[in-house]
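Chain and residue survey
Residue-level listing of the chains:
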Amino acid sequence: MKQINTNNVGQPVLAVITIGCICFIAILQEKTPGLELNTIKSGILCSDWRIYFYFLPLLGLALYIWKSIKFTNLKRKAITELLKDSEMLKTDIYTNIAHEFRAPLAVIISMAEALDRQSPGTKETIIRNAHNLLNLVNQILDLSKLGGGMMGLRWQKGDVVSYLKSINDNFYYYAEKKQIQLIFYSEIPFLEMDIDIEKLQKIINNLLFNAFKFTPKGGQVVIHIGEISSKSNALDKLLQVKISNTGPGILPEHLHKIFNRFYSVDDDGPHNSEGTGIGLTLTKELLELMGGSISVQSQLGLITVFKVLLPIHNLASEIFVVPNSSTHLHDTGFEAENPKIGAWNDGTLAMNDAPNILIIEDNPDNAMHIRNCLEGQFNVLWAENGPVGIEKALDALPDIIICDVVMPLKDGFEVTQYLKNDIRTSHIPIILITAKAELDFKIRGLETGADAYLSNPFDKKELQIRVKQLISTRKKLKEHYMGNISVDNSQVSSKKPSTETKKNIHIEVDFLEKVNTVIEKHLTDTKFEIPELSRELQLSHSQLFRKIKAVTGKSIAAYIRGYRLQRGRDLLQNSDMNCSEVAYAVGFSDPSYFSHMFLQEYGESPTEYRRELSAK
């Protein structure tokens, strides 16, 4: 504090009080000549205008410094976030590309190793996957050229309707194999215009590839060609190509992002499908290079429509010739599949004493790769997508299921969750396989109930060991059910299983409780048999047979008979009924047959069993 006026005793004293960079003007009132202060009147106002001359610039400078520091901190934070987002984007880009490369590489390696065994179709599979890799590399190079402004156009004049029809024809064989209806419809029979045929081919191929990828069996893909007027100038004409497909559709929040470079809907969409996020971006940028545009509309669960617009002009001097239908076969990504896959479902590979394995995989080559790893040891079935896989699992009740994670329609997580929560299939071990090897994917897979998780490419021996271990674990659980599940007073009771076993058997215990409850309700009915049990449990005879066989190792008839015998044993121990009365009480119409079965089950007759109880 600096005192300004202290000459006159008893007069107010003016002082300047400095706190940090802020100055206060204080008026001090003295009571005695000893300068003892008892009252302080402070304020910024002062009758001397020179005080403002010094104070206000200091206050302005302080505010400026404070705002500069705050702005600098905000700027630094924004730059940090931007760099973080940029690094995450780069990571996602490289991760997605790596995922797309790993699957065909795994197949190529597997097929190359199988050459020594002279497996049929090996050469064709290697060539097909090599072309898939080459197509991915070409797409990345095209994006690089577009980004650097190094890609030019080669305009040629010709009938664009015939050219689009030739591209469409390449997909008919694949559509037939996938049981998808492919329709080509043009409102105009002929339209001559300038196009870059190589780039238009890539655009249509990418859109058709995307359409088939998300169309279920029995669905429809439509190519609709038309000519419309430009909205900006009615005299300008545009070629309109609509490519639509039935299927799950695209979530509204994804529609404005799907053309972004390296954006992949599968990361958090409802129905996943492996992808790099390159195809649609390349399509958009090629169209913009040609002066065109692309848009998308989608209704969830119904239809998705991509609309391509290209300006119509006739300035090129070079004429193009419509190629034959085989010219672009490799570029479609849908080369002819190995015909041996069809044999998986006809039962010709069945080995009666071998476990049954169901492979749920939308990529036929990946499915063939898995099959080759297990060939000769197991009966193998194949389902081409999640819904078909669920249907086959419910019908066949295999010993083990190997399921891809990233698939259209229903992904591996959805398939696993459905099958593990269905009482008919809850006991079946499931192995999830995917190129996405991140820890959060593995955790999510295990949380849905998967028994194992393998990263693709995987080692053949590792897959074989995992399969054998799961089958062995299932056998041990079956022994647990056979040895520990017992009947006590119309209810199921069991000895306490180990902690590791407990979480794996609760659904099976619930199932057996339901079975036993139904049998108990009809315990005295001698005519109650398998058809009545199946009907009350709402399971087919084959489903009930496979389920009980898988859980207990017994047939349905043997399980019902065993339940009746054990209830008879309880009555012999805890009631005064004679052996014949006990036989009728537990559903045996012939006491002699009851005694015979009792002897066979427990090694002694009912009479001997009761005599031993009395002796104790």
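Now for a look at the structure at hand.

**Digging into the overall build of the protein chain**
- Along the protein chain, the regular secondary structure elements total 20 helices and 18 strands.
- Burial statistics for the protein chain: of 616 residues in total, 45% are counted as buried.
- Counted over contacts in the protein chain with a minimum sequence separation of 6, partners at least 24 positions apart contribute 65%.
- With the model as given, the accessible surface of the protein chain reaches about 32500 Å², and the carbon-plus-sulfur share is 55%.

**Quick look at the sheet that holds strand S9 (residues 237–246)**
- In space, the five strands of this open sheet follow the order S6-S8-S9-S11-S10, with mixed pairing throughout. Of all the strands in the sheet, the pair left with one neighbour each is strand S6 (181–186) and strand S10 (293–299). Strand after strand, the sheet turns through a mean of 15° between neighbouring axes, direction not considered.
- Where S6 and strand S8 (residues 220–229) come together, six bridges link them in parallel fashion. Bridged to isoleucine 183 within S8 is valine 222.
- Lying over the sheet, helix H7 (residues 279–289) contacts S10 and strand S11 (303–311), oriented at roughly 140° with respect to S10.

**Examining helix H16 (residues 541–552)**
- Here H16 is 12 residues long and its end C-alpha atoms lie 16 Å apart, about the 16 Å a rise of 1.5 Å per residue gives.
- Within H16, the full set of buried residues consists of Gln543, Leu544, Lys547, Ile548, Ala550, Val551 and Thr552.
- Just past H16, the residue glycine 553 takes up positive phi, approximately 80°.

**Some points on the nonpolar core**
- Among the nonpolar cores identified, the biggest contains 43 residues, and Val160, Ile204, Val241 and Phe306 are the most heavily contacted of them.
- Per-element tally for this core: the top contributor is helix H5 (residues 197–213), with seven residues.
- Dropping the residues within four chain positions of it, valine 160 is found in contact with Leu191, Met193, Ile195, Leu200, Leu239 and Phe320.
- The next biggest cluster of nonpolar side chains, apart from the first, holds 30 residues, and it includes Ile556, Ile560, Ala583 and Phe588.

**Looking at the side chain of serine 230**
- Examined against the element boundaries, serine 230 turns out to sit in the loop between S8 and S9.
- By relative accessible area, which is 14% here, serine 230 ends up buried.
- With residues near it in sequence (within four places) discarded, serine 230 still touches Asp236 and Leu238.

**Quick look at the sheet that holds strand S12 (residues 356–360)**
- One open sheet accounts for five strands, arranged S13-S12-S14-S15-S16; its pairing is parallel. Lying at the two open borders of the sheet, with one neighbouring strand each, are strand S13 (379–383) and strand S16 (452–455). Ignoring which end each strand starts from, the neighbouring axes of this sheet average 20° apart.
- Strand direction decides the pairing type here: S12 and strand S14 (residues 400–404), joined by four bridges, are parallel. Counted as the bridge partner of isoleucine 357 is isoleucine 400 from S14.
- Each of S12, S13, S14 and strand S15 (430–434) touches helix H9 (residues 364–374); the most contacted strand, S12, lies at about 155° to it.

**Some points on the side chain of threonine 304**
- Topologically, threonine 304 is positioned in strand S11.
- Looking at threonine 304, its side chain comes within polar contact range of the side chain of serine 298, at 3.0 Å.

**Regarding the packing of aromatic side chains**
- In this structure the tally under the stated criterion is eight aromatic pairs.
- A ring pair is formed by phenylalanine 598 and tyrosine 602, whose centres lie 4.8 Å apart and whose planes are at 55°; its orientation type is tilted. Placement of the pair is phenylalanine 598 and tyrosine 602 together in helix H19 (residues 591–602), with a separation of four residues, close to one helical turn.
- Its end group placed over the ring of phenylalanine 184, lysine 165 keeps NZ or CZ at 5.9 Å from the ring centre.
- For arginine 569, the ring lying beneath its charged end belongs to tyrosine 602, and the centroid distance is 4.4 Å.

**Comments concerning helix H10 (residues 386–396)**
- Restricting attention to buried positions, one finds in H10 the residues Gly386, Val388, Gly389, Ile390, Ala393 and Leu394.
- Against S12, S13, S14, helix H11 (412–421) and H16 lie the buried residues of H10.
- Sitting at the head of H10, asparagine 385 places a side-chain oxygen 3.0 Å from the backbone nitrogen of valine 388.
- Leucine 397, located one to two residues past H10, shows a positive phi value of around 45°.

Reading guide: rules and limits
Residues numbered from 1 in each chain as written. Predicted model: local features only at pLDDT ≥ 70, side-chain atom pairs only at ≥ 80, totals over all residues. Heavy atoms only, no water. Helix = DSSP H or I, 4+ residues; strand = E, 2+ residues; numbered from the N terminus. Buried < 20%, exposed > 50% of the residue type's maximum accessible area, 1.4 Å probe, protein only. Contact = heavy atoms within 4.5 Å. Areas by Shrake-Rupley, 256 points an atom, 1.4 Å probe, with all protein chains shown as cover. Pairing = 2+ DSSP bridges. Axes fitted to C-alpha atoms, helices over the stretch in contact; angles between N-to-C directions. Expected span 1.5 Å × (residues − 1). Core = buried A, V, L, I, M, F, W, Y, C linked by side-chain atoms within 4.5 Å. Polar contact = N/O pair within 3.5 Å; in protein donor to acceptor, adjacent residues only side chain to side chain. Phe/Tyr/Trp six-rings, centres within 6.5 Å; stacked < 30°, edge-to-face > 60°. Lys NZ or Arg CZ within 6 Å of the ring centre and 35° of its normal.

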